Amino acid sequence: MTGTRPHSLADLLSDRLGAYPEPMALYAAYGVNLDPSRMAERAPASPMEGTGWLRGWRLTFGGALPTVVEDAESAVFVAVYNVTELDEQRLDMWEDVEIGFWRKVRVRVDTLDGQSLAWLYALDAYEGGLPSAEHVFAIADAAAAAGAPGDYVEWLRSRLTQ
């Protein structure tokens with residue numbers, strides 16, 4: 001045999017692009033994408049940079065789906081990922097951006113290192129409705145996996161659900 005086959009996505013990308021792709025933008029995840037293992041599947045070349053807070057935003061639901069809306073009195077815990085262009089395209093497909101279900105919103109995230117500009121997905125629909133308990137608990141588990149404070153995780157678990 002004259003060569004070896006690439007075994008990982010990073011190997012494939014390196015073979016095709018000549019080098020590991022450079023990070024392109026910061027993504028602020030607030031739903032199940034808070035979970036670093038889930039993001040490793042959805043955006044394998046995009047490492048978690050840390051965590052922070054969206055101050056002046058509130059986690060809510062549009063029916064069963066989580067979203068964020070502006071609210072001066074609230075804050076939402078987020079995981080911040082340094083996302084490559086290719087992984088951003090993958091996330092857009094996961095989130096059905098092309099059909100207009102979600103829109104990308106630029107936000108400021110407060111981290112231990114100061115404020116950072118990032119983007120997130122916001123539901124392009126109405127606010128209201130009750131999520132399923134299963135979905136809320138999945139978000140709470142993802143928040144815990146990302147290192148959210150215990151009181152935030154408990155607040156998520158105590159949300160009114162269907």
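Before any of the text, the structure's been laid out above.
Residues numbered from 1 in each chain as written. Predicted model: local features only at pLDDT ≥ 70, side-chain atom pairs only at ≥ 80, totals over all residues. Heavy atoms only, no water.

Chemist: Explain the packing of aromatic side chains residue by residue, including any values.
Modeler: Tallied over the entire structure, the rule returns nine aromatic pairs. Aromatic pair Tyr-27 and Tyr-121: ring centres 5.6 Å apart, planes at 65°, arrangement edge-to-face. Taken together, the residues Tyr-27 in strand E1 (residues 25-29) and Tyr-121 in strand E5 (residues 114-123) connect sequence positions 94 residues apart. Through a chain of ring-to-ring contacts, three or more aromatic side chains come together here, namely Tyr-27, Tyr-81, Trp-119 and Tyr-121. (Phe/Tyr/Trp six-rings, centres within 6.5 Å; stacked < 30°, edge-to-face > 60°. Helix = DSSP H or I, 4+ residues; strand = E, 2+ residues; numbered from the N terminus.)

Chemist: Residues and numbers for the pattern of salt bridges, please.
Modeler: As enumerated under the stated definition, the model contains seven salt bridges in all. Between Asp-110 and Arg-55 there is a salt bridge, and its shortest N-O distance comes to 3.2 Å. Separated by 55 residues along the polypeptide, Asp-110 in strand E4 (residues 102-111) and Arg-55 in strand E2 (residues 48-62) bring together distant segments of the chain. Residue Asp-87 pairs with Arg-90 through a salt bridge whose shortest N-O separation is 2.3 Å. A residue pair is termed a helical-turn pair when its members lie 3 or 4 positions apart in one helix, as Asp-87 and Arg-90 do in helix H3 (residues 85-94) at three residues. Note on Asp-87: relative accessible area 0%, which makes it buried. Taken together, the salt bridges that share partners define one network made up of Glu-88, Asp-92 and Lys-104. (Salt bridge = Lys/Arg side-chain N within 4 Å of Asp/Glu carboxyl O. Buried < 20%, exposed > 50% of the residue type's maximum accessible area, 1.4 Å probe, protein only.)

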